[in-house]
Amino acid sequence: MKAQAMTPVEQVHQALRGIECHDDPGLLRSKSKDFHWYSPVLSALLQDKTADLLVIPKDVEELRRVASACARFRVNVTLRGGGTGNYGQCVPMARGVIIETLKLNAVTVHSGCATVQTGCIIEKLELAARAQGQEILMFPSTLTDATMGGFIAGGFGGVGSIRHGVLKDPGNVTRIQVMTLEATPRLVELHGADIQKVHHAFGTNGIITEMDVKLVPAEDWRHVIALFDSYEATLRFGEAAMTPGLPLRLLTSVERGFAPYYTALGDYFSEDKDAVFALCAAASLGDFERLVAQHGGRVVLAMTDAEIAAAHLLPAYECAYNHTTLMALKKDRAWTYMQLAFPQPFQVAQAMALVAEFGHEILWHHEFSLAYGSYSVFAIPLVSFFDAERLTEIKDRIEALGVGVFDAHVITIEDGGMKTIDSAQIDFKRIADPHGLMNPGKTRGWTPDMVQP
Ligand SMILES: Cc1cc2nc3c(=O)[nH]c(=O)nc-3n(C[C@H](O)[C@H](O)[C@H](O)COP(=O)(O)OP(=O)(O)OC[C@H]3O[C@@H](n4cnc5c(N)ncnc54)[C@H](O)[C@@H]3O)c2cc1C
């Protein structure tokens, strides 16, 4: 009887003898998911997507063997760090191999910067920096689960952005090393503005192996909650507080409707007040409190990390950014979310007009930040999900009012935040992924005619 030919994935598997591989269907299903389930639209679209093989290289040499085997046998590859991305970024659309990076996690702290491997959990980097009196510039609220490589490949900014801008801002990430997906993989070094070739490319154009990120002297931060009588007052306070005078790492205003989802905060946040969550330098707490009082509010909590942990309270950053959505969805799956960028300069009246127009259909929080050199206000509001059509109507209406929408219910880079095809990223894909195997389906810029045989 004629022996059956091995599939390309089986050939890869065979070529990776000695490297940690898993083909258990249950494990593959869970490693093929990320946090796209925030979106009912994406949940329906991606529910059946799964990979054929999970590979966990323990060092760069093993990674090189995996990249080579996948290139030689033309098997699709999806990189996975912590799997906390929101748009199905690391969901394999066309099966193949998942490469999990968590074992590539070395960190070296220098003065003013750190060299870090892709799979390093961001919190590990922050702790290593703090041990030497420094801190990282920014992190997503998924600090304890997300990797640096995933943040660069899939993220935007977050806690710290109010001080240092977003990942894209010059000087925040100074070097990225990328492994190509070829039969003989190469390491390519990107410096300065060239790092944009792989930043926010969803792992479609090369395997990030290592990067250099800037560090700054560590501050003594306090988690702060201030309460106000109206949501408008929180926004007016935010507008006043986001000036360079106050050393802040986080500044978020949150509507009182979130209180039932933040039960761990008990009396610190209840449904009769709107709140501001902040990280403020200890030495400036007095200034912060005075500004709060000028806007009719009151600081009800100011604690160190250790005090927050001892009191079993939530860190301020878990009450902000996309953690708000997570907290709400844990209690009520009827919500989904949107991602908005307000035009500059921020107009409180415009934000309040949206609050009034959508009533109970949208629950608001606003993130005060710095991006591309200017103070900017973003919002990641909860939206009561009725159906995809109503979601589109809301998006269209908000856009018509002049507020930018980064669609969180689509899977390509371009349909989401970026809007246009980044030709520099596509040109780099020709070099780093000539066979078009990396995270297929996630960029509109790559077409079948570009594939090198
Ligand atoms: C509750 C919550 C809060 C969040 N808050 C924020 C926030 O404040 N700011 C923000 O920017 N994001 C935020 N996110 C999104 C996400 O957590 C971050 O972007 C995070 O940094 C992603 O890291 P990860 O390791 O989980 O990446 P993953 O989800 O594993 O991967 C993300 C993308 O990067 C690619 N990738 C991973 N490793 C590599 C590599 N080595 N080479 C090439 N590509 C690679 C993947 O293929 C995927 O496309 C949030 C998500 C959740 C669920």
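All residue numbers refer to positions counted from 1 along the written sequence of the respective chain. Totals for whole chains, interfaces and linings use all residues, but because this is a predicted model, local features are given only for residues with pLDDT of at least 70 and pairs of side-chain atoms are given and counted only at 80 or more. As a rule here, side-chain values come from all non-hydrogen atoms in the structure, and water together with hydrogens is ignored.

**Student:** Break down the domain arrangement of the protein for me, with residues and values.
**Tutor:** Domain extents, as shown, originate in an automatic or database domain assignment. The domain boundaries assigned to the protein delineate domain 1 (107-218) and domain 2 (221-405). Each of domain 1 and domain 2 has a C-alpha centre, and these two points are 26 Å apart. Contacts are assigned to residue pairs that have any heavy atoms within 4.5 Å of one another. In this assembly, 20 residues from domain 1 lie in contact with 21 residues from domain 2. Accessible area, probed at 1.4 Å, shrinks when two parts are joined; the buried area is that loss added up over both. Together domain 1 and domain 2 conceal approximately 1600 Å² of surface at their shared face, both sides included; 60% is due to carbon and sulfur atoms.

**Student:** Now, about the packing of helix α8 (residues 231-241) against helix α12 (residues 348-358): what can you tell me, with residues and values included?
**Tutor:** Angles run from 0 to 180 degrees between N-to-C directions of axes, and those axes are lines fitted to C-alpha atoms, restricted for helices to the stretch in contact. Under the scheme used here, helices are H or I runs from DSSP no shorter than 4 residues and strands are E runs no shorter than 2 residues, and both carry numbers assigned from the N terminus. Where α8 meets α12, the axes come as close as 10 Å, and the angle between the chain directions of the two elements is 150°. It follows that α8 is roughly antiparallel to α12 by the angle criterion. Crossing of α8 against α12: the hand is right-handed. Touching Y231, E232, L235, R236 and E239 of α8 are V348, A351, M352 and V355, all from α12. Between 65 and 115 degrees an angle is taken as roughly perpendicular, under 35 as roughly parallel, over 145 as roughly antiparallel, and anywhere else as oblique. Left-handed describes a crossing in which the near helix is turned anticlockwise from the far one by less than a right angle; the clockwise case is right-handed.

**Student:** Provide a residue-level description of the site of the ligand, including the pertinent values.
**Tutor:** Nearness is defined per residue: one heavy atom within 4 Å of the molecule or strand is enough. Around the ligand, the structure places 36 residues, and the nearest of them are L79, G81, T84, T147 and G157. As used in this structure description, the phrase polar contact means that two N or O atoms lie within 3.5 Å; if the pair is within protein, one of them must be able to donate a hydrogen and the other to accept it, and residues adjacent in sequence are counted only when both atoms belong to side chains. T84 is positioned with one of its side-chain polar atoms (N or O) 2.6 Å from an oxygen atom of the ligand. Contact distances for the ligand include 3.2 Å between an oxygen atom and a backbone N or O atom of F202. Burial of the ligand by the protein chains amounts to 97% of its free accessible area of 980 Å². Put simply, the parts of the chain that give the shell around the ligand at least two residues each are β3 (77-80), α6 (148-154) and β10 (207-217). By residue number, the principal contributor to the shell around the ligand is α6, which donates 4 residues. For this scheme, ten residues count as nonpolar: Ala, Val, Leu, Ile, Met, Phe, Trp, Tyr, Cys and Pro. Four count as charged, namely Asp, Glu, Lys and Arg, and the remainder, Gly too, count as polar. Here the residues of the shell around the ligand sort into 13 nonpolar, 22 polar and 1 charged. Each of domain 1 (107-218) and domain 2 (221-405) accounts for three or more of the residues forming the shell around the ligand. In this description, accessible areas are obtained by the Shrake-Rupley approach with a 1.4 Å probe, and a residue is regarded as covered only by the protein chains that are shown.

**Student:** Residue-level account of unusual backbone geometry, with values.
**Tutor:** Going from Q344 to P345, the amide bond is cis rather than trans, its omega being -10°. When you line up the elements, P345 lands in the loop between β16 (340-341) and α12. With a phi close to 50°, R95 is a non-glycine residue in the positive phi region. Along the chain, the position of R95 falls in the loop between β3 and β4 (97-100). The partly exposed category is assigned to R95, whose relative accessible area is 42%. Positive phi values are uncommon outside glycine, yet F202 reaches one of about 55°. Counting through the fold element by element, F202 comes out in the loop between β9 (187-191) and β10. Classification of residues uses two cut-offs on accessible area relative to the type maximum, computed with a 1.4 Å probe and protein chains only: under 20% is buried, over 50% is exposed, and between them is partly exposed.

**Student:** Residues and numbers for the packing of aromatic side chains, please.
**Tutor:** Pairing of aromatic rings covers Phe, Tyr and Trp, the last counted by its six-membered ring, and requires centre-to-centre distances within 6.5 Å; plane angles under 30 degrees mean stacked, over 60 mean edge-to-face, and any other angle means tilted. Counting across every chain of the model gives 16 aromatic pairs. Aromatic pair F237 and F288: ring centres 5.3 Å apart, planes at 80°, arrangement edge-to-face. Linking F237 in helix α8 with F288 in helix α9 (residues 285-294), this pair joins segments that are 51 residues apart in sequence. A single burial state applies to F237 and to F288, both of which are buried. The interplanar angle of 80° and the centroid separation of 5.7 Å between the aromatic rings of F269 and F277 together place this pair among those described as edge-to-face. Site record: aromatic cluster; members linked through ring pairs are F35, W37, Y38 and Y337. Taking the ring centre of W446 as reference, the NZ or CZ of K429 above it sits at 4.9 Å. Placement of a charge over a ring requires the Lys NZ or Arg CZ to be within 6 Å of the ring centre, with the centre-to-atom vector within 35 degrees of the ring normal.

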